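# Geometric and topological summary
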Amino acid sequence: MTKKNGFKDTISHLFIGNAVPIMFIILIAIAIPLSGFSTRYLIEEMVTRLGRDSFLVLSLLIPIMAGMGLNFGIVLGAMAGQIGIILVTNWGVSGVGGLFLAMAVATPLAILLGWIAGIVLNHAKGREMVTSMILGFFINGVYQLVVLYFMGKIIPISNSALVLSRGYGIRNAIDLKGMRQSLDRLIPLKIGGIAVPVATFIFIALLCVFIWWFAKTKLGHDMRAVGQDMSVSENAGIKVERTRIIAIILSTVLACYGQIIFLQNIGTLNTYNSHDQTATFAIAALLIGGATVAKASIPNVFVGVILFHLMFVVAPKAGKQLMGSAMIGEYFRVFVSYGIIAVSIVLYAWKRSNEKERSRRSLRGEQEIPKTD
Amino acid sequence: MTEQQPVLQMQDITKEYFGNRVLTNVCLDVNRGEILGLVGENGAGKSTLMNILFGMSIIAETGGYTGKVCIDGKEVVFQNPFDALRAGIGMVHQEFSLIPGFTATENILLNGEVLHDNIVAKLFGPRLKTLDLPEMRSIAEKSIELLGVEINPDTLVAEMPVGHKQFTELAREIHRPEMKLLVLDEPTAVLTESEAQVLLTSLRRLAATGISIIFITHRLQEIFDVCDRIVILRDGQVVKEAATRDTDIVQVAELMVGRSMSAKSVATRAYDEKTETVISIDHLWVDMPGETVRDVTLEVHKGEIFGIGGLAGQGKLGIPNGVMGLYPAGGSVTVHGKPIPLNDPAAALAAGMAFVSEDRRGVGLLLEEALDLNIASTAMQSQNKFIRPLLGGLLKWRDDKAIQDVAREYIEALDIKCTGTSQRVEELSGGNQQKICLAKAFALQPDVLFVSEPTRGIDVGAKARVLEALRTYNRKNGTTIIMISSELEELRSICDRIAIVDEGRIAGILPPSATAKEFGLLMIGKLKGEGSEVNSYA
Ligand SMILES: Nc1ncnc2c1ncn2[C@@H]1O[C@H](COP(=O)(O)OP(=O)(O)OP(=O)(O)O)[C@@H](O)[C@H]1O
Ligand SMILES: [Mg+2]
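Residues numbered from 1 in each chain as written. Chains lettered and ligands numbered in written order. Predicted model: local features only at pLDDT ≥ 70, side-chain atom pairs only at ≥ 80, totals over all residues. Heavy atoms only, no water.

### Things to note about the confidence of the model for chain B
Counted only if it meets this: Each residue gets a pLDDT score, which is the predictor's confidence in that residue and runs from 0 to 100. Pairs of residues are marked as contacts when any of their non-hydrogen atoms sit within 4.5 Å.
When the pLDDT values of chain B are averaged, the result is 84; 92% of them are 70 or greater. pLDDT under 50 marks residues 527-538 of chain B. Its contacts with residues more than four places away, or in other chains, come to 14 contacts.

### What to know about the domain arrangement of chain B
Residue and element names in this part refer to chain B. Quick note on the threshold: Where each domain begins and ends is defined by an automated method or by a domain database. Defined here as a combined quantity, buried area equals the accessible surface (1.4 Å probe) lost by two parts on assembly, summed across both. We define a salt bridge as a contact between a side-chain nitrogen of Lys or Arg and a carboxyl oxygen of Asp or Glu at a distance within 4 Å. Two N or O atoms form a polar contact when they lie within 3.5 Å of each other; inside protein one atom must be a possible hydrogen donor and the other a possible acceptor, and for residues adjacent in sequence the pair counts only when both atoms belong to side chains.
Considered domain by domain, chain B is made up of domain 1 (1-88 + 179-257), domain 2 (103-177), domain 3 (263-351 + 447-538) and domain 4 (353-445). A straight line from the C-alpha centre of domain 1 to that of domain 4 covers 31 Å. Facing seven residues of domain 1, the contacting portion of domain 4 comprises eight residues. Summing the contributions of domain 1 and of domain 4, the shared interface buries around 590 Å²; its carbon and sulfur component is 42%. It is N42, G43 and V190 in domain 1 that bury the most area against domain 4; as a group they hold 65% of the surface buried on that side. Remark: the boundary between domain 1 and domain 4 carries one salt bridge. Taking the shortest distance from any N to any O, the salt bridge between K417 and D235 comes out at 3.5 Å. Run the count over domain 1 and domain 4 and you get two residue pairs in polar contact (both at pLDDT 80 or more).

### Quick word on the site of ligand 1
Residues and elements named next belong to chain B. Cut-off, in case you're wondering: Throughout this document, a residue counts as near a molecule or strand when at least one of its heavy atoms sits within 4 Å of that molecule or strand. Residue exposure ignores everything except the shown protein chains as possible cover, and the areas themselves are Shrake-Rupley values with a 1.4 Å probe. Only DSSP runs of H or I with at least four residues qualify as helices, and only runs of E with at least two residues qualify as strands; both kinds are numbered from the N terminus onward. Classification convention: Asp, Glu, Lys, Arg as charged; Ala, Val, Leu, Ile, Met, Phe, Trp, Tyr, Cys, Pro as nonpolar; all other residues, Gly among them, as polar.
S47, T48, E427, S429 and G431 are the nearest of the 18 residues found near ligand 1. Within the side chain of E186, a nitrogen or oxygen atom sits 3.3 Å from an oxygen atom of ligand 1. For ligand 1, an oxygen atom lies 2.7 Å from a polar atom in the backbone of G431. For ligand 1, whose unbound accessible area comes to 640 Å², protein coverage reaches 92%. Taken together, the elements giving at least two residues each to the shell around ligand 1 come down to α1 (46-53) and α15 (430-443). Considering every element that reaches the shell around ligand 1, the biggest residue donor is α1, with three residues. The residue makeup of the shell around ligand 1, split by class, is five nonpolar, nine polar and four charged.

### What to know about the nonpolar core
Cut-off, in case you're wondering: For this analysis, a nonpolar core means a set of buried residues of the types Ala, Val, Leu, Ile, Met, Phe, Trp, Tyr and Cys, connected via side-chain atoms within 4.5 Å. Burial here depends on accessible area, computed with a 1.4 Å probe over protein chains only, as a share of the maximum for the residue type. Under 20% is buried, over 50% is exposed, and the range in between is partly exposed.
Counting 101 residues, the largest nonpolar core has L58(A), L70(A), I86(A), I170(A) and L286(A) as its most contacted members. Top contributing element to this core by residue count: helix α11 (residues 240-266) of chain A, with 13 residues. Excluding residues within four positions of it along the chain, I170(A) makes contact with I86(A), V147(A), M151(A), I157(A), L162(A), L164(A), T271(A) and Y272(A). Ranked by size, the runner-up nonpolar core spans 50 residues in total, among them Y410(B), V425(B), V451(B) and F519(B).

### A closer look at the packing of aromatic side chains
Residues and elements named next belong to chain A. This is how it is decided: Any pair of Phe, Tyr and Trp rings, taking the six-membered ring for Trp, is counted once the centres come within 6.5 Å. Such a pair is stacked with planes under 30 degrees apart, edge-to-face with planes over 60 apart, and tilted for the rest.
Counted by the stated rule, this structure contains 12 aromatic pairs over all chains. For the pair F281 and F312, a centre-to-centre distance of 5.2 Å together with 80 degrees between the ring planes defines the contact as edge-to-face. Taken together, the residues span a long stretch of sequence, with F281 in helix α12 (residues 278-288) and F312 in helix α13 (residues 298-323) at a distance of 31 residues. Taking relative accessible area as the criterion, F281 reaches 24% and is therefore assigned partly exposed.

What follows is the structure, given as structure tokens:
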């Protein structure tokens, strides 16, 4: 093979392997000039949003490694985190201390929810994604019940700013005054006038190191084995179900921290809505970053967060310039988020059935004939 | 030296499957460093006996067994395969149990990884120890080396040819230091002859290190090549136990089947060149790992039985796999003058071709269904055979009677050992399941039938029967059969013409009457001249 040929080959391979991010880069490259935003503004936005969202998106990686697909169940972690924040706000602990206390309080809850989710998913092998999504809706119901009725009645809430005027239930919006950007501003740094959330980035970097290290542990290795072939792993003596439960617990706990970091950046908690889009947006970002249902890496996370949010910022304005209505851009981004998830799940299912068909064919003495008509 | 304690003693083992007795008072022992050959017809009870030894759950689920198993003189009752593993018994399973996306190293040490301790592990448990990949690699390397083969420990299993997967499994069993008894249930069935030779050499090396081996195979020559002792099972009873040197192949074969075997020579008819061409293959290349086809051009005529032979790794297996669209291929294939798109299995089937693959591990039958349904299923799905229209075609009804009839026909023709047409396939022995695969292809009544290694895993007695069935089928239906086999004698016994593949190309086509020397010259590539052994592992 000539060198030139090899080069061309790698390039085309690179393109095919990264078709999704490349498509988005092209889209965004068209939209940015249309939107008229300044580069500085966009950089500032991206720095903020990287700090805000990366942790959440990173929490998706471990279940993918364990072959459980995109964990829509990270909303469970998000809800646990919100409960932690509500309690800490009630106790009046503020600043970074409050933030860490919220994490500490929410951790047992996240572990419990993750454990439940893991057990449920073990009964739905091969249908983890749909199941985790439905489970999210179900636990959301429980969350509403707890926050709307139990808090102030069964769980004492003394801070009247939190409680609805009827005496129990938490208000719709909570101002996280004490906690707002406490982590982001812990180590103040401005580069060219742009505030950089150094402490948050350190946190994210630590998580990356953890995930990288985790993949090298026995547990991480077992997860990869289980993710590829449960019955072979079982035969080798790996505790498959336990391993899967641990994967989901880890993901849920990380998502819980991720949501707390997300909320400290935003500065307000919409008690009943903040977690609505957590899973969808995180998953869409990861997929746009080039991940698939079966394979995702740390670079996918950062590329994804940047591209997804660039589109998020740019699309409405570009839509307005182009069509005279910001709503078009708004529709577009919602359409894209859900669209990309739907497409990748369908693609994955299709690829899986194709692969199965193929391996079956090559294994079998006789072929099943797929219906062609 | 005083009398040695046998590593394994099995005494008076009796096993029934729901009242059907498959093992009766079987006794067997194995000494240290000994290779014991276990032979018997399909369904004689070999796999069942080994499943008992290995504590497989299927045994307990079907009512357990009676008798005694002793390891080093102590009685043991294994509840599950892990108990057996701990006691130093390893078994190479009939189905590959490898993780495709893992390397050879990772598979060999699956769940037995070498780990580094660290603080986190001390706090949160041993599963957080990290993997010592270099150390694992060197253990894997040693284990592979012990087998005497060359496999890169970093190769992904998904990218290995079948033979290497088999060696990887073997390497996994033997890497454990406590290993003392290795059970191999038809390990050579998925291997080509030269791969099998390498495996046999490996077994001898292992035995020399003191590991005892129970070796099950249908290739009797292999037994005589490596085994010290031989135990023959017939209908669940030990009919003979002898040192290999005190017996010979013919005697063993006769004891296995319980009747004397006459070496029937098969009359081939003169090959008639004038019949129309059914399939023509033009400049075919196939990218099949370990069996690359580079440039093959062939024409096969109507009603012909065309043989394809050659050494392992030269590409003979790649030809049917490429034509049937199972591996990436290029060139052109026409059937009855119509071009067939490559890389599209559905199109290949629609064109009236069928394929019985060489890789029949986990044969992909509907294991929980009755055998008659299995035989008819593909024909039913793809050709609407065995289906009766009702109410003018509004309803489709399964024609159970017709299904049973074909099943009976093929049970008879292929000598499938079963209790009846409604027996579930999972209850059949390995060899009999393979015959079902052939029957399935027959029921399709294809125009062109590719059969790859049709007698692998089939006992000596039934081999002739299977070949006979192929020929009868060919004569009766005028089906063109392309048979790929690594056993030259088998090809010569039923084929009209035999092509020999060498380095991905057809080295030549000979009539079956050609001498063994002529075939041999083609196989080793006349032009290369030297080296009669082509070692695919080098
Ligand atoms: N799960 C089962 N239920 C009922 N019968 C079974 C079951 N498994 C095996 N048998 C029967 O036990 C007998 C022995 O089968 P076994 O698999 O031990 O044969 P084998 O000697 O290994 O043959 P082969 O050479 O074909 O692999 C066969 O008659 C088979 O039908
Ligand atoms: Mg068997």
